[in-house]
Amino acid sequence: MTPSQSAEDADLAGDSGRRLAGEDLTELLAIVRRVVGARVGSLPIAEDLVQETLTRVLAAAPSVDPGLLEPYAIVTAKNLVASMWRDDDRKRRNQHRAADLRAPESPEAQALIDEERSAMASALGRLDEHERALLIEHELRGTDTRTIAEEEGTTPGAVAARLSRSRARLRVEYVLGLDSGDPPTDRCRPVLLALSSADRRRQRELDAATHLFNCDFCGRLSEPLLARGQRQDGVLRIPIAADPDIVKARGSVRELAGRLGFSRTDLTVLATAVSELCRNIVRFAGSGELLVELLEEPRPGVRVTARDRGPGIADLEAALRDGVSTYGGLGLGLPGVRRLMDEFAITSEPGAGTTVTITIWGKDPTT
Amino acid sequence: MNSGPALVSILRQGSTLIASIHTALDDSELVRFRTDLVGQIGEHRCRGVIIDVAALDVIDSFAALTLRTIAEMARLRGARTVIVGIQPEVAFTMVRLGMGTGGIPTALDLEEGLALLTGGADGDRRRS
Ligand SMILES: [Zn+2]
(Lines give C-alpha, C1' and ligand atoms only; values in the text may rest on other atoms or scores of the structure.)
Protein backbone atom coordinates (compact mmCIF):
# COMPACT_ATOMS: atom_id res chain seq x y z
CA MET A 1 0.00 0.00 0.00
CA THR A 2 3.04 2.26 0.01
CA PRO A 3 2.74 4.72 -2.85
CA SER A 4 5.95 4.73 -4.76
CA GLN A 5 7.18 7.65 -6.72
CA SER A 6 10.58 8.14 -8.20
CA ALA A 7 12.24 8.88 -11.47
CA GLU A 8 12.72 5.14 -12.04
CA ASP A 9 9.05 4.43 -11.59
CA ALA A 10 8.22 7.15 -13.99
CA ASP A 11 10.60 5.71 -16.58
CA LEU A 12 9.01 2.32 -16.31
CA ALA A 13 5.52 3.65 -16.45
CA GLY A 14 6.09 6.23 -19.12
CA ASP A 15 7.60 3.89 -21.70
CA SER A 16 5.67 4.51 -24.91
CA GLY A 17 4.31 7.83 -23.67
CA ARG A 18 7.81 9.09 -23.05
CA ARG A 19 9.15 7.68 -26.24
CA LEU A 20 6.72 9.75 -28.16
CA ALA A 21 7.06 12.83 -26.05
CA GLY A 22 9.98 14.68 -27.55
CA GLU A 23 12.40 14.14 -30.39
CA ASP A 24 10.93 10.78 -31.29
CA LEU A 25 7.64 12.36 -32.15
CA THR A 26 9.38 14.90 -34.35
CA GLU A 27 11.25 12.08 -36.04
CA LEU A 28 8.08 10.11 -36.57
CA LEU A 29 6.39 13.17 -37.97
CA ALA A 30 9.22 13.64 -40.48
CA ILE A 31 8.98 10.03 -41.62
CA VAL A 32 5.22 10.22 -42.03
CA ARG A 33 5.52 13.50 -43.98
CA ARG A 34 8.01 11.84 -46.33
CA VAL A 35 5.78 8.82 -46.91
CA VAL A 36 2.69 10.92 -47.50
CA GLY A 37 4.57 13.53 -49.53
CA ALA A 38 6.00 10.88 -51.86
CA ARG A 39 2.47 9.75 -52.70
CA VAL A 40 0.24 12.77 -52.74
CA GLY A 41 2.83 15.53 -53.20
CA SER A 42 1.72 18.86 -51.86
CA LEU A 43 -2.02 18.34 -52.21
CA PRO A 44 -3.91 20.18 -49.48
CA ILE A 45 -5.04 16.83 -48.11
CA ALA A 46 -1.44 15.84 -47.34
CA GLU A 47 -1.31 17.48 -43.94
CA ASP A 48 -4.66 15.93 -42.99
CA LEU A 49 -3.29 12.52 -43.85
CA VAL A 50 -0.18 13.20 -41.81
CA GLN A 51 -2.24 14.23 -38.80
CA GLU A 52 -4.62 11.30 -39.15
CA THR A 53 -1.66 8.92 -39.34
CA LEU A 54 -0.11 10.37 -36.21
CA THR A 55 -3.41 10.18 -34.36
CA ARG A 56 -3.72 6.50 -35.19
CA VAL A 57 -0.12 5.76 -34.31
CA LEU A 58 -0.45 7.52 -30.96
CA ALA A 59 -3.65 5.64 -30.26
CA ALA A 60 -1.97 2.33 -30.97
CA ALA A 61 1.31 3.22 -29.25
CA PRO A 62 0.52 1.65 -25.87
CA SER A 63 0.08 -1.77 -27.43
CA VAL A 64 2.96 -1.60 -29.91
CA ASP A 65 6.54 -2.34 -29.09
CA PRO A 66 8.47 0.96 -29.28
CA GLY A 67 10.75 -0.57 -31.90
CA LEU A 68 7.70 -1.19 -34.05
CA LEU A 69 6.31 2.33 -34.08
CA GLU A 70 8.26 3.48 -37.09
CA PRO A 71 7.22 0.65 -39.44
CA TYR A 72 3.75 0.89 -38.02
CA ALA A 73 3.61 4.61 -38.84
CA ILE A 74 4.82 3.95 -42.39
CA VAL A 75 2.29 1.17 -42.91
CA THR A 76 -0.48 3.35 -41.52
CA ALA A 77 0.42 6.28 -43.75
CA LYS A 78 0.62 4.06 -46.83
CA ASN A 79 -2.74 2.51 -46.05
CA LEU A 80 -4.39 5.85 -45.47
CA VAL A 81 -3.19 7.20 -48.77
CA ALA A 82 -4.28 4.03 -50.54
CA SER A 83 -7.71 4.07 -48.97
CA MET A 84 -8.09 7.73 -49.86
CA TRP A 85 -7.44 6.93 -53.52
CA ARG A 86 -9.80 3.99 -53.45
CA ASP A 87 -12.23 5.79 -51.20
CA ASP A 88 -12.57 2.43 -49.61
CA ASP A 89 -15.49 3.01 -47.38
CA ARG A 90 -16.22 -0.65 -46.76
CA LYS A 91 -12.76 -1.35 -45.46
CA ARG A 92 -12.99 1.48 -43.01
CA ARG A 93 -16.22 0.14 -41.62
CA ASN A 94 -14.62 -3.22 -41.18
CA GLN A 95 -11.70 -1.65 -39.39
CA HIS A 96 -14.12 -0.28 -36.90
CA ARG A 97 -15.75 -3.64 -36.48
CA ALA A 98 -12.50 -5.43 -36.09
CA ALA A 99 -11.53 -3.11 -33.30
CA ASP A 100 -14.80 -3.29 -31.45
CA LEU A 101 -16.56 -6.54 -32.04
CA ARG A 102 -19.55 -5.54 -30.02
CA ALA A 103 -20.33 -2.45 -32.04
CA PRO A 104 -24.06 -2.16 -32.53
CA GLU A 105 -25.32 -3.40 -35.88
CA SER A 106 -26.17 -0.45 -38.07
CA PRO A 107 -28.43 -0.89 -41.07
CA GLU A 108 -26.21 -1.81 -43.97
CA ALA A 109 -26.42 -3.55 -47.30
CA GLN A 110 -27.49 -7.15 -46.86
CA ALA A 111 -24.55 -8.41 -48.86
CA LEU A 112 -22.12 -6.74 -46.51
CA ILE A 113 -23.87 -8.16 -43.46
CA ASP A 114 -23.75 -11.65 -44.96
CA GLU A 115 -20.11 -11.27 -45.77
CA GLU A 116 -19.30 -10.19 -42.25
CA ARG A 117 -21.41 -12.93 -40.76
CA SER A 118 -19.60 -15.59 -42.71
CA ALA A 119 -16.23 -14.02 -41.79
CA MET A 120 -17.26 -14.11 -38.13
CA ALA A 121 -18.55 -17.66 -38.41
CA SER A 122 -15.34 -18.87 -40.00
CA ALA A 123 -13.31 -16.93 -37.41
CA LEU A 124 -15.21 -18.61 -34.59
CA GLY A 125 -14.72 -21.93 -36.34
CA ARG A 126 -10.97 -21.51 -36.22
CA LEU A 127 -10.87 -21.08 -32.45
CA ASP A 128 -10.61 -24.14 -30.26
CA GLU A 129 -13.64 -25.32 -28.38
CA HIS A 130 -12.69 -23.77 -25.05
CA GLU A 131 -11.98 -20.37 -26.52
CA ARG A 132 -15.22 -20.44 -28.42
CA ALA A 133 -17.28 -21.50 -25.41
CA LEU A 134 -15.71 -18.79 -23.27
CA LEU A 135 -16.34 -16.02 -25.79
CA ILE A 136 -19.92 -17.10 -26.31
CA GLU A 137 -20.54 -17.29 -22.57
CA HIS A 138 -19.09 -13.84 -21.92
CA GLU A 139 -19.77 -11.82 -25.07
CA LEU A 140 -23.12 -13.26 -26.11
CA ARG A 141 -24.70 -14.47 -22.89
CA GLY A 142 -23.19 -11.62 -20.89
CA THR A 143 -21.94 -13.83 -18.05
CA ASP A 144 -19.37 -11.84 -16.05
CA THR A 145 -15.84 -13.02 -15.43
CA ARG A 146 -16.48 -13.55 -11.74
CA THR A 147 -19.31 -16.01 -12.36
CA ILE A 148 -17.31 -17.86 -15.00
CA ALA A 149 -14.35 -18.03 -12.62
CA GLU A 150 -16.52 -19.47 -9.86
CA GLU A 151 -17.90 -22.14 -12.19
CA GLU A 152 -14.44 -23.12 -13.34
CA GLY A 153 -12.78 -22.89 -9.96
CA THR A 154 -10.34 -20.21 -11.06
CA THR A 155 -9.89 -16.45 -10.59
CA PRO A 156 -11.61 -13.59 -12.47
CA GLY A 157 -8.14 -12.41 -13.48
CA ALA A 158 -7.30 -15.72 -15.12
CA VAL A 159 -10.62 -15.69 -16.97
CA ALA A 160 -10.01 -12.09 -18.09
CA ALA A 161 -6.59 -13.10 -19.40
CA ARG A 162 -8.02 -16.01 -21.35
CA LEU A 163 -10.81 -13.83 -22.70
CA SER A 164 -8.32 -11.28 -23.89
CA ARG A 165 -6.22 -13.93 -25.66
CA SER A 166 -9.31 -15.43 -27.27
CA ARG A 167 -10.52 -12.03 -28.45
CA ALA A 168 -7.11 -11.32 -29.96
CA ARG A 169 -7.28 -14.59 -31.89
CA LEU A 170 -10.84 -13.98 -32.97
CA ARG A 171 -9.90 -10.54 -34.32
CA VAL A 172 -7.04 -11.98 -36.33
CA GLU A 173 -9.18 -14.75 -37.76
CA TYR A 174 -11.98 -12.32 -38.50
CA VAL A 175 -9.74 -9.91 -40.37
CA LEU A 176 -8.18 -12.84 -42.25
CA GLY A 177 -11.67 -14.08 -43.14
CA LEU A 178 -12.68 -10.69 -44.56
CA ASP A 179 -9.61 -10.57 -46.75
CA SER A 180 -9.78 -12.77 -49.80
CA GLY A 181 -6.10 -13.72 -49.94
CA ASP A 182 -4.26 -16.27 -47.83
CA PRO A 183 -1.32 -15.19 -45.68
CA PRO A 184 1.75 -15.37 -47.95
CA THR A 185 4.11 -16.66 -45.25
CA ASP A 186 4.01 -18.86 -42.16
CA ARG A 187 5.06 -15.92 -40.09
CA CYS A 188 2.05 -13.75 -40.96
CA ARG A 189 -0.47 -15.29 -38.60
CA PRO A 190 1.82 -15.30 -35.54
CA VAL A 191 2.85 -11.69 -36.25
CA LEU A 192 -0.75 -10.57 -36.58
CA LEU A 193 -1.62 -12.39 -33.38
CA ALA A 194 1.23 -10.73 -31.49
CA LEU A 195 -0.01 -7.34 -32.71
CA SER A 196 -3.62 -8.11 -31.94
CA SER A 197 -2.84 -9.28 -28.42
CA ALA A 198 -0.47 -6.36 -27.77
CA ASP A 199 2.17 -8.89 -26.75
CA ARG A 200 5.35 -6.89 -27.01
CA ARG A 201 7.67 -9.72 -26.06
CA ARG A 202 6.23 -11.88 -28.81
CA GLN A 203 6.39 -8.95 -31.27
CA ARG A 204 10.13 -8.72 -30.60
CA GLU A 205 10.68 -12.49 -30.77
CA LEU A 206 9.06 -12.59 -34.19
CA ASP A 207 10.86 -9.47 -35.35
CA ALA A 208 7.48 -8.09 -36.27
CA ALA A 209 9.03 -4.75 -37.29
CA THR A 210 10.98 -6.27 -40.17
CA HIS A 211 8.06 -8.42 -41.18
CA LEU A 212 5.70 -5.43 -41.32
CA PHE A 213 8.21 -3.59 -43.49
CA ASN A 214 8.41 -6.41 -46.00
CA CYS A 215 4.99 -8.01 -45.99
CA ASP A 216 2.29 -6.00 -47.76
CA PHE A 217 -0.33 -8.46 -46.63
CA CYS A 218 0.39 -7.89 -42.94
CA GLY A 219 0.84 -4.20 -43.57
CA ARG A 220 -2.71 -4.10 -44.82
CA LEU A 221 -4.21 -6.28 -42.11
CA SER A 222 -2.27 -5.01 -39.12
CA GLU A 223 -3.85 -1.60 -39.13
CA PRO A 224 -7.41 -2.66 -38.35
CA LEU A 225 -5.99 -4.82 -35.57
CA LEU A 226 -4.32 -1.91 -33.84
CA ALA A 227 -5.70 1.39 -34.98
CA ARG A 228 -8.71 3.49 -34.23
CA GLY A 229 -8.16 3.78 -30.52
CA GLN A 230 -11.00 1.48 -29.69
CA ARG A 231 -10.65 -1.00 -26.91
CA GLN A 232 -8.03 -3.54 -27.71
CA ASP A 233 -7.38 -6.31 -25.28
CA GLY A 234 -8.06 -4.46 -22.14
CA VAL A 235 -6.37 -1.29 -23.35
CA LEU A 236 -8.96 1.42 -23.52
CA ARG A 237 -8.18 4.89 -24.77
CA ILE A 238 -10.43 7.70 -23.61
CA PRO A 239 -9.99 11.21 -25.00
CA ILE A 240 -10.52 13.93 -22.40
CA ALA A 241 -11.40 17.44 -23.51
CA ALA A 242 -14.27 18.79 -21.41
CA ASP A 243 -16.13 18.44 -18.12
CA PRO A 244 -18.61 15.78 -19.26
CA ASP A 245 -15.69 13.60 -20.35
CA ILE A 246 -14.61 13.36 -16.72
CA VAL A 247 -17.84 11.73 -15.60
CA LYS A 248 -17.88 9.45 -18.62
CA ALA A 249 -14.25 8.45 -18.11
CA ARG A 250 -14.66 7.49 -14.48
CA GLY A 251 -17.77 5.49 -15.41
CA SER A 252 -15.90 3.60 -18.14
CA VAL A 253 -12.96 2.87 -15.89
CA ARG A 254 -15.27 1.66 -13.15
CA GLU A 255 -17.09 -0.58 -15.59
CA LEU A 256 -13.87 -2.07 -16.90
CA ALA A 257 -12.41 -2.65 -13.43
CA GLY A 258 -15.73 -4.11 -12.32
CA ARG A 259 -15.13 -6.99 -14.70
CA LEU A 260 -12.07 -7.97 -12.69
CA GLY A 261 -14.23 -8.49 -9.65
CA PHE A 262 -12.98 -5.41 -7.79
CA SER A 263 -14.83 -4.48 -4.59
CA ARG A 264 -17.15 -1.46 -4.53
CA THR A 265 -14.64 0.38 -2.39
CA ASP A 266 -11.78 -0.25 -4.80
CA LEU A 267 -13.99 0.80 -7.71
CA THR A 268 -14.90 4.05 -5.97
CA VAL A 269 -11.30 4.73 -5.00
CA LEU A 270 -10.20 4.18 -8.60
CA ALA A 271 -13.04 6.27 -10.05
CA THR A 272 -12.19 9.11 -7.68
CA ALA A 273 -8.51 9.07 -8.62
CA VAL A 274 -9.45 9.05 -12.31
CA SER A 275 -11.77 11.98 -11.72
CA GLU A 276 -8.95 14.03 -10.19
CA LEU A 277 -6.51 13.25 -13.00
CA CYS A 278 -9.06 14.05 -15.71
CA ARG A 279 -9.87 17.36 -14.05
CA ASN A 280 -6.20 18.35 -14.13
CA ILE A 281 -6.13 17.59 -17.85
CA VAL A 282 -9.23 19.68 -18.57
CA ARG A 283 -8.20 22.59 -16.34
CA PHE A 284 -4.54 22.85 -17.18
CA ALA A 285 -3.93 21.25 -20.55
CA GLY A 286 -7.34 21.69 -22.18
CA SER A 287 -7.24 18.18 -23.55
CA GLY A 288 -5.43 14.91 -23.24
CA GLU A 289 -6.22 11.25 -22.87
CA LEU A 290 -6.50 8.30 -20.55
CA LEU A 291 -5.13 4.89 -21.33
CA VAL A 292 -6.65 2.17 -19.23
CA GLU A 293 -4.96 -1.21 -19.03
CA LEU A 294 -6.09 -4.34 -17.28
CA LEU A 295 -3.23 -6.16 -15.58
CA GLU A 296 -3.02 -9.85 -14.83
CA GLU A 297 0.20 -10.31 -12.90
CA PRO A 298 0.82 -10.77 -10.03
CA ARG A 299 -2.91 -10.35 -9.50
CA PRO A 300 -5.71 -8.52 -11.25
CA GLY A 301 -5.10 -4.81 -11.39
CA VAL A 302 -5.84 -1.68 -13.35
CA ARG A 303 -3.32 0.83 -14.60
CA VAL A 304 -4.45 4.22 -15.81
CA THR A 305 -2.16 6.59 -17.63
CA ALA A 306 -3.34 10.19 -17.89
CA ARG A 307 -1.33 12.24 -20.32
CA ASP A 308 -1.50 15.63 -21.91
CA ARG A 309 0.62 18.00 -23.93
CA GLY A 310 -0.20 20.92 -21.71
CA PRO A 311 2.06 23.41 -19.98
CA GLY A 312 3.51 20.82 -17.60
CA ILE A 313 4.28 21.24 -13.92
CA ALA A 314 7.32 23.34 -13.10
CA ASP A 315 7.72 22.22 -9.50
CA LEU A 316 6.71 18.58 -9.18
CA GLU A 317 7.79 18.31 -5.58
CA ALA A 318 5.56 21.19 -4.59
CA ALA A 319 2.64 19.77 -6.56
CA LEU A 320 2.95 16.53 -4.62
CA ARG A 321 2.89 18.28 -1.24
CA ASP A 322 -0.42 18.57 0.51
CA GLY A 323 -2.01 21.97 0.56
CA VAL A 324 -0.45 23.49 -2.53
CA SER A 325 -3.11 25.62 -4.09
CA THR A 326 -3.37 26.25 -7.78
CA TYR A 327 -6.96 26.97 -8.65
CA GLY A 328 -10.13 27.66 -6.73
CA GLY A 329 -8.52 26.93 -3.39
CA LEU A 330 -7.61 23.41 -4.48
CA GLY A 331 -4.33 21.85 -5.38
CA LEU A 332 -3.88 19.49 -8.26
CA GLY A 333 -5.29 16.75 -6.07
CA LEU A 334 -2.11 14.81 -6.69
CA PRO A 335 -1.22 14.08 -3.05
CA GLY A 336 -4.70 12.64 -2.56
CA VAL A 337 -4.49 10.53 -5.69
CA ARG A 338 -1.11 9.26 -4.58
CA ARG A 339 -2.56 8.25 -1.23
CA LEU A 340 -5.47 6.46 -2.88
CA MET A 341 -3.40 4.35 -5.25
CA ASP A 342 -1.09 1.39 -4.75
CA GLU A 343 1.38 2.80 -7.27
CA PHE A 344 1.84 6.32 -8.53
CA ALA A 345 4.31 7.81 -10.98
CA ILE A 346 4.50 11.18 -12.64
CA THR A 347 6.65 12.76 -15.31
CA SER A 348 6.24 16.32 -16.38
CA GLU A 349 8.17 18.64 -18.58
CA PRO A 350 7.38 22.35 -18.60
CA GLY A 351 6.07 23.23 -22.03
CA ALA A 352 5.78 19.61 -23.12
CA GLY A 353 3.13 18.00 -20.95
CA THR A 354 2.45 15.72 -18.05
CA THR A 355 1.99 11.98 -17.70
CA VAL A 356 0.63 10.45 -14.53
CA THR A 357 0.40 6.69 -14.13
CA ILE A 358 -1.58 5.09 -11.35
CA THR A 359 -2.11 1.45 -10.51
CA ILE A 360 -4.50 -0.28 -8.18
CA TRP A 361 -4.36 -3.98 -7.41
CA GLY A 362 -7.43 -6.00 -6.55
CA LYS A 363 -7.57 -7.02 -2.92
CA ASP A 364 -8.10 -10.75 -2.64
CA PRO A 365 -11.20 -11.12 -0.45
CA THR A 366 -10.06 -14.50 0.84
CA THR A 367 -6.93 -13.19 2.50
CA MET B 1 -30.27 23.29 -22.15
CA ASN B 2 -31.25 20.10 -20.33
CA SER B 3 -33.97 18.32 -22.22
CA GLY B 4 -33.58 15.02 -20.37
CA PRO B 5 -34.71 14.17 -16.85
CA ALA B 6 -33.71 16.61 -14.12
CA LEU B 7 -30.20 16.11 -12.75
CA VAL B 8 -31.19 17.57 -9.40
CA SER B 9 -34.39 18.60 -7.68
CA ILE B 10 -34.84 21.25 -5.02
CA LEU B 11 -37.99 21.08 -2.92
CA ARG B 12 -39.13 23.27 -0.05
CA GLN B 13 -40.72 21.79 3.02
CA GLY B 14 -41.57 24.46 5.58
CA SER B 15 -38.39 26.33 6.26
CA THR B 16 -36.20 23.52 4.98
CA LEU B 17 -34.89 23.05 1.46
CA ILE B 18 -34.35 19.49 0.34
CA ALA B 19 -31.96 19.19 -2.58
CA SER B 20 -31.58 15.78 -4.18
CA ILE B 21 -28.90 14.96 -6.69
CA HIS B 22 -30.21 12.29 -9.03
CA THR B 23 -27.13 11.32 -10.98
CA ALA B 24 -23.38 11.79 -11.29
CA LEU B 25 -22.70 15.48 -11.98
CA ASP B 26 -19.80 17.00 -13.83
CA ASP B 27 -18.05 20.13 -12.62
CA SER B 28 -20.14 22.65 -14.53
CA GLU B 29 -23.31 20.90 -13.40
CA LEU B 30 -22.08 21.05 -9.81
CA VAL B 31 -21.46 24.77 -10.16
CA ARG B 32 -24.94 25.30 -11.57
CA PHE B 33 -26.40 23.25 -8.71
CA ARG B 34 -24.53 25.40 -6.19
CA THR B 35 -25.77 28.61 -7.78
CA ASP B 36 -29.38 27.42 -7.94
CA LEU B 37 -29.40 26.11 -4.40
CA VAL B 38 -27.76 29.14 -2.82
CA GLY B 39 -30.17 31.37 -4.76
CA GLN B 40 -33.15 29.51 -3.36
CA ILE B 41 -31.82 29.59 0.20
CA GLY B 42 -31.82 33.37 0.02
CA GLU B 43 -35.15 33.56 -1.77
CA HIS B 44 -37.08 31.40 0.69
CA ARG B 45 -35.22 32.54 3.83
CA CYS B 46 -34.69 28.92 4.77
CA ARG B 47 -33.38 27.79 8.14
CA GLY B 48 -32.17 24.40 7.03
CA VAL B 49 -30.79 22.71 3.91
CA ILE B 50 -30.56 19.00 3.28
CA ILE B 51 -28.46 17.77 0.37
CA ASP B 52 -29.02 14.17 -0.64
CA VAL B 53 -25.91 12.88 -2.40
CA ALA B 54 -26.78 9.17 -2.45
CA ALA B 55 -26.67 9.17 -6.25
CA LEU B 56 -23.15 10.59 -6.48
CA ASP B 57 -20.78 7.83 -7.63
CA VAL B 58 -17.79 9.86 -6.58
CA ILE B 59 -17.19 12.80 -4.29
CA ASP B 60 -13.81 14.03 -5.42
CA SER B 61 -12.00 17.18 -4.36
CA PHE B 62 -14.16 19.45 -6.49
CA ALA B 63 -17.46 17.93 -5.39
CA ALA B 64 -16.34 18.09 -1.75
CA LEU B 65 -15.33 21.72 -2.16
CA THR B 66 -18.67 22.52 -3.77
CA LEU B 67 -20.59 20.96 -0.87
CA ARG B 68 -18.45 22.88 1.63
CA THR B 69 -19.01 26.12 -0.26
CA ILE B 70 -22.76 25.61 -0.29
CA ALA B 71 -22.78 24.95 3.46
CA GLU B 72 -20.66 28.03 4.12
CA MET B 73 -22.84 30.28 1.96
CA ALA B 74 -25.96 28.85 3.59
CA ARG B 75 -24.48 29.55 7.02
CA LEU B 76 -23.86 33.17 6.07
CA ARG B 77 -27.56 33.38 5.20
CA GLY B 78 -28.60 31.86 8.49
CA ALA B 79 -29.30 28.32 7.34
CA ARG B 80 -27.77 25.04 8.54
CA THR B 81 -26.78 22.35 6.08
CA VAL B 82 -26.86 18.58 6.50
CA ILE B 83 -25.53 16.16 3.90
CA VAL B 84 -27.32 12.85 3.72
CA GLY B 85 -26.81 9.61 1.85
CA ILE B 86 -23.04 9.52 1.43
CA GLN B 87 -22.29 5.94 0.40
CA PRO B 88 -19.91 4.13 2.77
CA GLU B 89 -17.28 3.56 0.07
CA VAL B 90 -17.54 7.20 -0.99
CA ALA B 91 -17.02 8.32 2.61
CA PHE B 92 -14.02 6.02 2.94
CA THR B 93 -12.51 7.44 -0.25
CA MET B 94 -13.09 11.04 0.83
CA VAL B 95 -11.18 10.42 4.04
CA ARG B 96 -8.29 8.74 2.21
CA LEU B 97 -8.26 11.58 -0.31
CA GLY B 98 -7.89 14.01 2.57
CA MET B 99 -11.25 15.65 1.84
CA GLY B 100 -13.67 15.29 4.69
CA THR B 101 -16.96 17.11 4.62
CA GLY B 102 -15.15 19.90 6.44
CA GLY B 103 -17.33 19.88 9.52
CA ILE B 104 -20.65 19.79 7.69
CA PRO B 105 -22.97 17.49 9.65
CA THR B 106 -23.89 14.32 7.84
CA ALA B 107 -26.74 11.89 8.38
CA LEU B 108 -27.63 8.49 7.07
CA ASP B 109 -30.77 9.45 5.19
CA LEU B 110 -33.36 12.14 4.67
CA GLU B 111 -35.35 11.25 7.79
CA GLU B 112 -32.32 11.39 10.02
CA GLY B 113 -31.25 14.60 8.35
CA LEU B 114 -34.58 16.27 9.10
CA ALA B 115 -34.44 15.05 12.71
CA LEU B 116 -30.98 16.48 12.98
CA LEU B 117 -32.10 19.90 11.74
CA THR B 118 -35.15 20.07 14.01
CA GLY B 119 -33.36 18.49 16.98
CA GLY B 120 -30.69 21.17 17.02
CA ALA B 121 -26.95 20.96 17.24
CA ASP B 122 -26.94 18.27 19.93
CA GLY B 123 -27.89 15.59 17.47
CA ASP B 124 -24.87 16.20 15.24
CA ARG B 125 -23.29 13.06 13.97
CA ARG B 126 -20.28 14.49 12.40
CA ARG B 127 -18.32 12.55 9.87
CA SER B 128 -15.52 14.54 8.45
ZN1 LIG C 1 2.91 -11.23 -43.39
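Let me sum up the structure you'll find in this document. (Residues numbered from 1 in each chain as written. Chains lettered and ligands numbered in written order. Predicted model: local features only at pLDDT ≥ 70, side-chain atom pairs only at ≥ 80, totals over all residues. Heavy atoms only, no water.)

The next subject is the sheet that holds strand β3 (residues 48-52) of chain B. Residue and element names in this part refer to chain B. What the five strands build is an open sheet, ordered β1-β2-β3-β4-β5; its pairing is mixed. Whereas interior strands pair on both sides, the edge strands pair on one side only; in this sheet they are β1 (8-13) and β5 (106-107). Both β3 and strand β4 (residues 80-84) contribute to a ladder of five bridges, which runs parallel. Across the sheet, the residue bridging to Asp 52 is Val 84, located in β4. The strands touched by helix α1 (residues 27-44) are β1, β2 (16-21) and β3; relative to β2, the strand with the most contacts, the crossing angle is about 165°. Contacts from helix α4 (residues 110-119) reach β1, β2, β3, β4 and β5, with the element oriented near 160° to β4. (Pairing = 2+ DSSP bridges. Helix = DSSP H or I, 4+ residues; strand = E, 2+ residues; numbered from the N terminus. Contact = heavy atoms within 4.5 Å. Axes fitted to C-alpha atoms, helices over the stretch in contact; angles between N-to-C directions.)

Bringing the coordination of the zinc ion into the picture now. For a metal bound by four donors in a tetrahedral arrangement, the ideal donor-metal-donor angle is 109.5 degrees, while six donors in an octahedral arrangement ideally sit at 90 or 180 degrees. Residue and element names in this part refer to chain A. Listed as protein donors to the zinc ion are Cys 188 (SG), His 211 (NE2), Cys 215 (SG) and Cys 218 (SG); their distances from the metal cover 2.1 to 2.3 Å. Angles of 96 to 115° at the metal separate the four donor atoms of the zinc ion, which places the site in the tetrahedral class. One chain supplies every donor to the zinc ion, and in sequence these donors are spaced C-x22-H-x3-C-x2-C. This pair shows no difference in class: Cys 215 is buried, exactly as Cys 218 is. (Donors = N, O, S within 2.8 Å, 3.2 Å for Na, K, Ca; no water. Tetrahedral: all angles 85-135°; square planar, octahedral: opposite > 155°, others 65-115°. Buried < 20%, exposed > 50% of the residue type's maximum accessible area, 1.4 Å probe, protein only.)

Now for the interface of chain B and chain A. Each partner contributes to the interface: chain B provides 21 residues, whereas chain A provides 23 residues. Buried surface at the junction of chain B and chain A, summed over both partners, amounts to about 1900 Å²; 53% is from carbon and sulfur atoms. Sorting the residues of chain B by area buried against chain A places B:Glu89, B:Arg96 and B:Leu97 first, and these three jointly supply 30% of that buried surface. Across the chain B-chain A interface, the total number found is five salt bridges. The interface formed by chain B and chain A holds 12 residue pairs in polar contact (both at pLDDT 80 or more) in total. No other element matches the six residues that helix α3 (residues 88-97) of chain B contributes to the side of chain B that touches chain A. Broken down by class, the residue content of the side of chain B that touches chain A amounts to 10 nonpolar, five polar and six charged. (Buried area = accessible area lost by both parts, 1.4 Å probe. Salt bridge = Lys/Arg side-chain N within 4 Å of Asp/Glu carboxyl O. Polar contact = N/O pair within 3.5 Å; in protein donor to acceptor, adjacent residues only side chain to side chain. Nonpolar A, V, L, I, M, F, W, Y, C, P; charged D, E, K, R; others polar.)

Turning next to unusual backbone geometry. The phi dihedral of A:Asp207 is positive, around 50°, even though this residue is not glycine. Note on placement: A:Asp207 falls in the loop between α11 (200-205) and α12 (208-214). For A:Asp207, a relative accessible area of 37% gives the class partly exposed. Although it is not a glycine, B:Arg45 sits at a positive phi angle of roughly 50°.

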